[in-house]
Structure formats: structure tokens, C-alpha cells
Amino acid sequence: MKLFDVYPINDIEIVKACGSTVWDEKGVQYLDLYGGHAVISIGHTHPHYIERITDQLNKVGFYSNSVKIPLQEELADKLGRVSGKEDYQLFLCNSGAEANENALKLASFYNNRKKVISFSRAFHGRTSLAVAATDNPKIIAPVNETDNIIFLPHNDESALEQAFADFGNEISAVIIEGIQGVGGIRLASNDFLQKIRSLCDQYDALFIADSVQCGYGRTGKFYSHDFAGVEADIYTMAKGMGNGFPIGGISIASKFKPWHGMLGTTFGGNHLACAAALAVLEVIEEDNLMQNAAAVGGYLMGELKKFDRVLEVRGLGLMIGIELPDELSHVKRDLLFKHRIFTGEAKPNIIRLLPALNLSKVEADVFLDAFSKALKG
Ligand SMILES: Cc1ncc(COP(=O)(O)O)c(C=O)c1O
């Protein structure tokens, strides 16, 4: 059997990793500013993370949600505290798409409506409703097509007002990333997020904050939507939550009342996943990683803005997009193959930095130096 070839891959095999450094099979060292797509939040092979998971594996690795799993309550308590949402409820699943799928389903259960507002360039995952709410027709299969999604221009308050005026009583939810990731590191404005909140309140629709990529402390606040001073009804999360262990979750406002069987999953919230997620939160808290993300990210953005060949630098904390002109489209490749630095990208020419939240200033400087050389060709 061969692999189903859906990923364009770099010809590099990573065999060892520590913090923000990885090594390939030939012993070549790389700086990792991509984190396997915003997943590595506390650094590769963090000792506390390894210890927590190993200890748990030696006790019990998995049992289903048919028995008590106190680790889930421990995780809910800790997440509530670190995220500042203590009165919310936690449902655990396995990935970002699944988190959004469950959030949209829950919204529809709540208000018994079907329409969902999403925005241009949004990415919410590849399962049926999550992909339908994703602004990329290429990845929406005919079976995923639905009239229930209304796409609106991003950050356009009057288009949003008009959509509510036209369909207000049919709209179940508005789903929005605080900062679009796949869409090219584009911030939802504070005014726009506040407008979503007030229209959702007015029309009894639900505000779903997709925090799968921009959440979990990456921007310097736990959820990037927090910058707007609004509370969403549901926050979805995954990527950084398990530092590589597959886990996703939704944080659900107290007005939602659960009933048995309403949501469910075999693997979600298993012992190992909870141990991984707890280790991540413990490190984020103990090592002040949100403050570090804000400080090192702010420094990086300030320095990047000084390069006059860069068209635009966007982002918050350690979620940074660097938009380059066409003639510099080689820079991302050069960073990887000449300077040995992993970065992410968004089409057409946006470099995405999504490093671990404990990236040091020294590592940021290594990148800035290489970036300046790569710009010169
Ligand atoms: C904002 C956002 N939502 C949802 C997803 C889907 O997450 P997953 O790939 O874990 O299903 C992603 C993945 O890139 C994402 O960036």
C-alpha cells in the first residue's frame, strides 16, 4: 500500500527536536518558527510535558467517556482559570475541525436555526459544516455544499448589519477567527468583533470564536478575541492545546444546558490527551509564556517593520504574517534550505511565523539576521 498523496512535502525528515530547534536525519539543525503549523506551543520535548505524559501512560492511557475521568475536571478548572472563562463549560474532542463542527451543531441545537455567517478568507477545517464555512471552494466536495452558510466580506460592518436585517431570525451563529491564519494573518478589527457581539445579542444568534490557530496564548492574550473586550458564546481550540498530542475542545458559555447524548466522541478527553493538555497549561502558566509571546512577538514585529522591502507585517504576539512582493517569493524557500529555518506560508507571498510561545529573543535575532540576508537574495 502507498500513501494517499495529498500533501506537498519538503524533502526533510525530522528525527530529533528540543525547544525551537529540530534536527534532520543527517544531523542538520534547524530553527523552528512554524511549530508544525502552530501546534508546538511550549516547545518540542519539554521535560515537564514528557514527564506528565509518561507518568500517565504508565497508569492508564485510555478509557472511554463511560467512566469518570477526573483529569477532565482538572483540565476544565485549569483552562477556565488560565483563559479567564471560569463560568464556561468544556467539551473535549480531537481536532480543530471537530471543535468547530461541534460548536456549530451546539449553536443550532440552542436556537433551533440553520444559517451560519462566515467571512471571506475564513478557514474552519475540513469536516462537513466546518469546510462549508471555509472560504475555499476547491476543498468543498459537492456533498458538503449547503445554502446554510452566508459568506460576508471580512471586517465589513454594514454587510453584517444588512445580513442580520435580511435573515436575522434564521441566523444560528457567526463564526470568526480572531486572526485569520490560513487566510494570511488578517486581524478581525475590535469594532467588527464588538459589532458581531451586539448583533448576536440583538437577534439571539451565537458568537463562535474560532481560536484553533490564534488562541491558546499565542497572541499574548489567551484568546485573541479578548483584545476586543467581548465574550464569545463558544470558543473553539485545538493546535497548541496538546503541544502535538491530538486534542481539541470547545469552551461553552453557561447559558447552554447539556443533555446526555447531545455531543459525543470516542477518543475526546482520554487520559493521555488530558495529561498532555494539563502539562501545556502548567508550563504556559509557570513560565509566563503569554507574556513572553507578547514581548518577543512585539519585538519581532517592530524589527520586521523596519525592512523596506516588506509590504506589510501583520499579527499579534507570536502569530505574525510578513507580506512580500512577488520578486521575493523565493524567501521562504531560502530560509528553509539556505538558512535552515522553518516558517509557514499563506498564498501568495505571505510568510507566517507560528513558533513556540517560549521562543527567545536570541532565537528571534537569529531569524531576523537570516531574513535580512534572504531578502538580499
Ligand atoms: C482557524 C482554524 N480553524 C480550524 C482548523 C482545523 O483544525 P484541524 O486541522 O485540527 O482540524 C484550522 C487548521 O489549520 C485553523 O487554522
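This structure is a prediction, so every number in the text was calculated from the model and none was measured.

A look at the sheet that holds strand 15 (residues 341-342)
Here we have 4 strands laid out as an open sheet, ordered 1-2-3-15, and mixed in their pairing. A single partner strand is all that each edge strand has here, and the edge strands are strand 1 (14-18) and strand 15. Direction of pairing for strand 3 (residues 29-32) relative to strand 15: parallel, over a ladder of 2 bridges. From the neighbouring strand, D32 faces strand 15, where its bridge partner is F342.

Digging into the sheet that holds strand 14 (residues 319-323)
The antiparallel open sheet is built from 4 strands, whose spatial order is 13-14-17-16. The open sheet has two edge strands with one neighbour each: strand 13 (312-316) and strand 16 (344-346). Going from strand to strand, the sheet's axes swing by 25° on average, the running direction of each strand aside. In this sheet, strand 17 (residues 350-353) lies alongside strand 16 in antiparallel orientation, the contact comprising 3 bridges. Paired with G344 across the two strands is R352, which belongs to strand 17.

Here we look at the site of the ligand
G96, A97, D210, Q213 and K239 are the nearest of the 13 residues found near the ligand. Within the backbone of F123, one N or O atom sits 3.5 Å away from a nitrogen atom of the ligand. In terms of residue count, helix 4 (residues 96-111) provides more of the shell around the ligand than any other element does, 3 residues in total. A per-class count over the shell around the ligand returns 3 nonpolar, 7 polar and 3 charged.

A look at the nonpolar core
Residues I117, I196, I322, F367 and F371 are the most contacted members of the largest nonpolar core, which totals 102 residues. Looking at this core element by element, the count peaks at 11 residues for helix 8 (residues 271-286). Not counting residues within four places of it along the chain, the set of residues in contact with I117 comprises I150, L152, L160, A163, F164, I171, A173, V174 and I175.

Some thoughts on the pattern of salt bridges
According to the stated counting rule, one finds 18 salt bridges in the structure shown. One salt bridge connects E231 with K85, and the closest N-O pair in it is separated by 3.1 Å. Within this pair, whereas E231 is found in the loop between strand 10 (206-210) and strand 11 (234-237), its partner K85 is found in the loop between helix 3 (70-83) and strand 4 (89-93), the two being separated by 146 residues in sequence. Assessed through its relative accessible area of 39%, E231 is described here as partly exposed. A salt bridge links K255 to D233, with the nearest nitrogen and oxygen atoms 3.0 Å apart. Taken together, the residues K255 in the loop between strand 12 (248-252) and helix 8 and D233 in the loop between strand 10 and strand 11 connect sequence positions 22 residues apart. Judged by its relative accessible area of 34%, K255 falls in the partly exposed class. Members of the salt-bridge network, linked through shared partners, are R197, D201, D233 and K255.

With respect to the packing of helix 3 against helix 8
Orientation of helix 3 relative to helix 8, taken along the N-to-C sense of each, is 30°, at an axis distance of 9 Å. Between helix 3 and helix 8, the angle is such that the two are roughly parallel. The way helix 3 lies across helix 8 gives a crossing that is left-handed. Along the contact surface, helix 3 presents L71, Q72, E74, L75, K78, L79, R81 and V82, while helix 8 presents H271, C274, A277, L278, L281, E282 and E285. In terms of residue class, the contact of helix 3 with helix 8 is built from 8 nonpolar, 2 polar and 5 charged.

So, helix 9 (residues 289-304)
Side chains three or four residues apart in an α-helix point the same way, a direct result of the helix having 3.6 residues per turn. Taking 1.5 Å as the rise per residue, helix 9 with 16 residues should run 22 Å; its terminal C-alpha atoms sit 22 Å apart, in good agreement. Those residues of helix 9 lying buried are L289, M290, A293, V296, G297, L300, M301 and L304. Down the axis of helix 9, the smallest arc covering the buried residues is 140°, so these residues share one side.

With respect to the pairing of strand 1
In this sheet, strand 2 (residues 21-24) lies alongside strand 1 in antiparallel orientation, the contact comprising 4 bridges. Residue pairing in the sheet places C18 in a bridge with T21 of strand 2. Hairpin connection from strand 1 to strand 2: 2 residues lie between these consecutive antiparallel strands, with G19 at a positive phi of about 60°.

A word on the side chain of N243
Of note, N243 is situated in the loop between strand 11 and strand 12. N243 gets classed as buried once you look at its relative accessible area, which sits at 4%. With residues near it in sequence (within four places) discarded, N243 still touches V39, I40, S41, I42, G43, Y49 and V280.

Here is what the cut-offs are and how they apply
- Sequence positions are assigned chain by chain, starting from 1 and proceeding in written order.
- In view of the model being predicted, local features appear only for residues whose pLDDT reaches at least 70, and side-chain atom pairs are presented and counted only at 80 or more, with totals across whole chains, interfaces and linings using the full set of residues.
- Water and hydrogen atoms play no part in the side-chain values, which are based on all heavy atoms of the structure.
- In short, DSSP must find at least two bridges between two strands for them to pair.
- Helix and strand assignments come from DSSP, with helices taken as H or I runs of at least 4 residues and strands as E runs of at least 2, each series counted from the N terminus.
- The convention used is that axes are lines fitted to C-alpha atoms, helices contributing only their stretch in contact, and that angles between N-to-C directions extend from 0 to 180 degrees.
- In these notes, residues near a molecule or strand are those with any non-hydrogen atom within 4 Å of it.
- Distance and chemistry together define a polar contact, namely a pair of N or O atoms within 3.5 Å, with one atom able to donate a hydrogen and the other to accept it when in protein, and with adjacent residues in sequence counting only for side-chain atoms on both sides.
- Put simply, Ala, Val, Leu, Ile, Met, Phe, Trp, Tyr, Cys and Pro go in the nonpolar bin, Asp, Glu, Lys and Arg in the charged bin, and everything else, Gly too, in the polar bin.
- Take the buried residues of types Ala, Val, Leu, Ile, Met, Phe, Trp, Tyr and Cys, join any two whose side-chain atoms come within 4.5 Å, and each joined set is a nonpolar core.
- Partly exposed describes any residue whose relative accessible area lies between the buried limit of under 20% and the exposed limit of over 50%, with all areas from a 1.4 Å probe on protein chains only and scaled to the type maximum.
- Two residues qualify as a contact provided that any one of their heavy atoms is within 4.5 Å of a heavy atom in the partner residue.
- The salt bridge criterion pairs a side-chain nitrogen of Lys or Arg with a carboxyl oxygen of Asp or Glu, the two atoms within 4 Å.
- Each angle is binned into one of four classes, with values under 35 degrees roughly parallel, values over 145 roughly antiparallel, values of 65 to 115 roughly perpendicular, and all other values oblique.
- Here a crossing is called left-handed whenever its near helix is offset anticlockwise from the far helix by less than a right angle, and right-handed whenever the offset is clockwise.
- Helix span is expected to be 1.5 Å times the residue number reduced by one.
- Note that the arc is defined by the directions from the helix axis to the C-beta atoms.

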